[in-house]
Amino acid sequence: MPPNYRSFRNSVPWLIIFLEAVFIILFYFLFSGDGASGSNISYPAFQDVNHMVIFGFGFFLAFLKRYSFSSTGFNLLIIVLGVQCSILMESLLVFFLQRAEEGGLKSITKAAVSMTAVVISSGAVLGKTNPMQLIVMTVVEIIVFHVSRWINKIFLQVPDNISMMHVHLFGAYFGLAVSSRFSEPSLRSEKNASTPKSELLSMLGTLFLWVFWPSFNSVLAVDRSKAIYNTYFALAASAVTAFALSVLTTKDGKLRMTHIHSAALAGGVTVGYAAHSIEYPWIAMILGLLASVITILGSFCLQRCLNPALKIHDASGVHFTFGLPGALGALAQVVLLTVKAETFVLLFSLGYLVMINIGAFCLTISVALITGFITG
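All figures in this text were calculated on a predicted structure; none of them were measured in a lab.

Draft legend 1. Broad picture of the side chain of His166. Checked against the element boundaries, His166 lands in the loop between α6 (160-164) and α7 (167-179). Here His166 falls in the buried class, since its relative accessible area comes to 3%. There is a polar contact of 3.2 Å between the side chain of His166 and the side chain of Tyr273.

Have a look at this one:
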């Protein structure tokens, strides 16, 4: 909450009312009465994603003692605003590109999944932004994310479920770019401190995310049962590895819940790109193990070396929690695509597919960084 409460009262409520009025008017013109039918997504699947985004990420970001209540409350605010904006952006793109309109439940599920990018970005600027800035960042980011995703779909022919899994990469690097424009709070500052109670709430958010992550990875997948199966094994392997590495990498040989807080989810982030196509569970388990390793070792290297050099203050560690595992998952998808290629596929065709996937990965990060700097 900003220190100037009079300024807060004179700006934030009117911005929220203005945005909601714009959304209502656009919904009136863009949506017909039968838009809520024809979806192939069940309500329980949507409910799992909704719980994950609201409960999971709401508690996940509640680790700063001064911002515990604000994290959960503002998380709900930006999600409900962002979901409406996301549905409108999807509808506008469908209208301009003359594509078939999707069912209502599928569109709102995709909007909730898209909001993961914004919630991840808000974790990078936690404790440094006021509600006005968060709302502006939400609207800008969700618009840019949809434009980036449609570029990947139309020009690079990336499947819809794969392009949606770029939320982790986009959210992490957009948030880091925005965070680089803010000054880093002092280590002794009350804004940068946590308490056992706030850390317990944050760990509760991790448990919510861990439980619902298979639904998140499978809700838009073609083969949902396979995606759930592989995601669970990747999450299990990353959680087990997180406990082992936490003990091995600390000087006193004790568990650090900050390691578990980040690395337990890394397997779900990494396997999201290929969860629907992995044939054997041991592949998913290897990806989960590597994701946990890169998260814990990356947290040490980034916080000691890269972040101070670039003057980036990553409040909740979104770079090594979502950014690095997301990059690993995108590269793993390219490797699996190469391995699974049939022998009769021409070398040129295989190289083209590899370059298309690498291009989508690089495009997502580039757009996130450039627009994040501008937004910051």
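Okay, back to it.
Draft legend 2. Spatial organisation of the packing of helix α2 (residues 43-60) against helix α3 (residues 68-96). Where α2 meets α3, the closest approach of the two axes is 8 Å, and the angle between their N-to-C directions is 145°. Between α2 and α3 lies a crossing whose hand is right-handed. Two secondary-structure elements touch here, α2 through Val53, Ile54, Phe57, Gly58 and Phe59 and α3 through Ser71, Thr72, Asn75, Leu76 and Ile79. The residue makeup of the contact of α2 with α3, split by class, is six nonpolar, four polar and no charged.

Draft legend 3. Expanded view of the nonpolar core. Ranked by internal contacts, the top residues of the largest apolar core, which has 84 residues, are Phe57, Leu169, Tyr173, Trp213, Phe216 and Phe322. Per-element tally for this core: the top contributor is helix α4 (residues 104-124), with nine residues. Once you skip the residues sitting within four places of it in the chain, Leu169 turns out to touch Tyr273, Gly323, Gly326, Ala327, Ala330, Phe361, Thr364 and Ile365. With 12 residues, the next largest nonpolar core counts Ala221, Ala234, Ala274 and Ala332 among its residues.

Draft legend 4. Layout of the pattern of salt bridges. The final tally for this structure, using the stated rule, is six salt bridges. When the shortest N-O distance is used, the salt bridge between Glu90 and Arg149 registers 2.7 Å. In this pair, Glu90 sits in helix α3 while Arg149 sits in helix α5 (residues 131-154), placing the two residues 59 residues apart along the sequence. Residue Arg149 is classed as buried on the basis of its relative accessible area, which comes to 1%. Asp160 is the salt-bridge partner of Lys110, the closest N and O atoms lying 3.1 Å from each other. A residue pair is termed long-range when its members are at least 10 positions apart, and Lys110 in helix α4 and Asp160 in helix α6 qualify at 50 residues. Overall, the relative accessible area of 19% leaves Asp160 in the buried class. Linked by salt bridges that have partners in common, Glu90, Lys110, Arg149, Lys153 and Asp160 make up one network.

Rules behind the numbers
- Residues numbered from 1 in each chain as written.
- Predicted model: local features only at pLDDT ≥ 70, side-chain atom pairs only at ≥ 80, totals over all residues.
- Heavy atoms only, no water.
- Helix = DSSP H or I, 4+ residues; strand = E, 2+ residues; numbered from the N terminus.
- Buried < 20%, exposed > 50% of the residue type's maximum accessible area, 1.4 Å probe, protein only.
- Polar contact = N/O pair within 3.5 Å; in protein donor to acceptor, adjacent residues only side chain to side chain.
- Axes fitted to C-alpha atoms, helices over the stretch in contact; angles between N-to-C directions.
- Left-handed = near helix turned anticlockwise from the far one by under 90°.
- Contact = heavy atoms within 4.5 Å.
- Nonpolar A, V, L, I, M, F, W, Y, C, P; charged D, E, K, R; others polar.
- Core = buried A, V, L, I, M, F, W, Y, C linked by side-chain atoms within 4.5 Å.
- Salt bridge = Lys/Arg side-chain N within 4 Å of Asp/Glu carboxyl O.

Nothing here speaks to function; it is all geometry.
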